[in-house]
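Report on the structure
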Amino acid sequence: MVKVLFVCLGNICRSPAAEATFRHLCQQQGTNQRFAWDSAGTAAYHIGKAADSRMREAAQARGIAMDDLRARQVKVTDFYEYDLIIAMDKSNLANLKAIQPVDSKADLVLMLDNADNAPAEVPDPYYGGMDGFYQVLDMLDTACRRLHDQHC
Ligand code: 4NP
């Protein structure tokens with residue numbers, strides 16, 4: 001089993017959408033047993049909250065369920081629990097590297113490392129319009145398919 005943690009800043013837009021996209025794909029492909037997944041934020045602002053309503057609306061329009069997800073912050077035990085910790089942008093990655101215990105074996109990578117011809121970062125849609133949320137979902141779909149196929 002491969003255990004994957006998706007990480008952004010607030011855990012209300014990008015990383016819960018990544019988690020939901022990956023979960024949806026595994027359910028479609030019948031590969032639930034091969035993976036475990038979760039998401040978290042580097043910041044504490046939104047702990048316990050549902051995902052941003054705009055992201056939930058965009059995901060629902062694509063047939064992806066995420067209303068059950070609640071925000072949490074990254075914790076030290078995550079670095080021992082997960083094989084792969086996937087950051088949405090370079091700032092998230094730098095924040096994770098700064099707190100990774102030296103003896104943790106988790107691989108820290110960028111979400112879009114896997115995607116051809118894509119920007120290196122999943123842009124933060126929080127302060128923009130609905131277009132940005134759909135664009136993020138497109139990027140996550142491509143990256144999640146790559147991630148899934150690499151481990152199946
Ligand atoms: P996320 O987006 O990191 O993709 O969940 C954000 C959510 C909230 C804030 C920033 C980014 N905020 O500043 O509250």
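Here the structure is shown first, and the text comes after it.
Residues numbered from 1 in each chain as written. Predicted model: local features only at pLDDT ≥ 70, side-chain atom pairs only at ≥ 80, totals over all residues. Heavy atoms only, no water.

With glycine set apart, most residues show a phi of negative sign, and most peptide bonds adopt trans. We note that Asn-11 has phi near 60 degrees; this positive angle belongs to a residue other than glycine. Within the element layout of this structure, Asn-11 appears in the loop between strand 1 (2-8) and helix 1 (14-29). Judged by its relative accessible area of 2%, Asn-11 is buried. (Helix = DSSP H or I, 4+ residues; strand = E, 2+ residues; numbered from the N terminus. Buried < 20%, exposed > 50% of the residue type's maximum accessible area, 1.4 Å probe, protein only.)

Overall, the coordinates contain four aromatic pairs when judged by the stated rule. Geometrically, the ring pair formed by Phe-22 and Phe-35 is edge-to-face, given 4.9 Å between the ring centres and 85 degrees between the ring planes. In this pair, Phe-22 sits in helix 1 while Phe-35 sits in strand 2 (residues 35-41), placing the two residues 13 residues apart along the sequence. For Phe-35, a relative accessible area of 3% puts it in the buried group. Grouped by ring-pair contacts, the aromatic residues Phe-6, Phe-22, Phe-35 and Trp-37 constitute a single cluster. Residue placement shows Arg-54 over the ring face of Tyr-126; its charged tip is 5.5 Å from the ring centre. (Phe/Tyr/Trp six-rings, centres within 6.5 Å; stacked < 30°, edge-to-face > 60°. Lys NZ or Arg CZ within 6 Å of the ring centre and 35° of its normal.)

With that out of the way, let us pick up the site of the ligand. In the vicinity of the ligand, the contacting residues are Cys-8, Leu-9, Gly-10, Asn-11, Ile-12, Cys-13, Arg-14, Tyr-45, His-46, Asp-124, Tyr-126 and Tyr-127. Within the backbone of Cys-13, a nitrogen or oxygen atom sits 2.9 Å from an oxygen atom of the ligand. One of the side-chain nitrogen or oxygen atoms of Tyr-127 is found 3.4 Å away from an oxygen atom of the ligand. Protein coverage of the free-state accessible area of the ligand, which is 350 Å², stands at 91%. (Near = heavy atom within 4 Å. Polar contact = N/O pair within 3.5 Å; in protein donor to acceptor, adjacent residues only side chain to side chain. Areas by Shrake-Rupley, 256 points an atom, 1.4 Å probe, with all protein chains shown as cover.)

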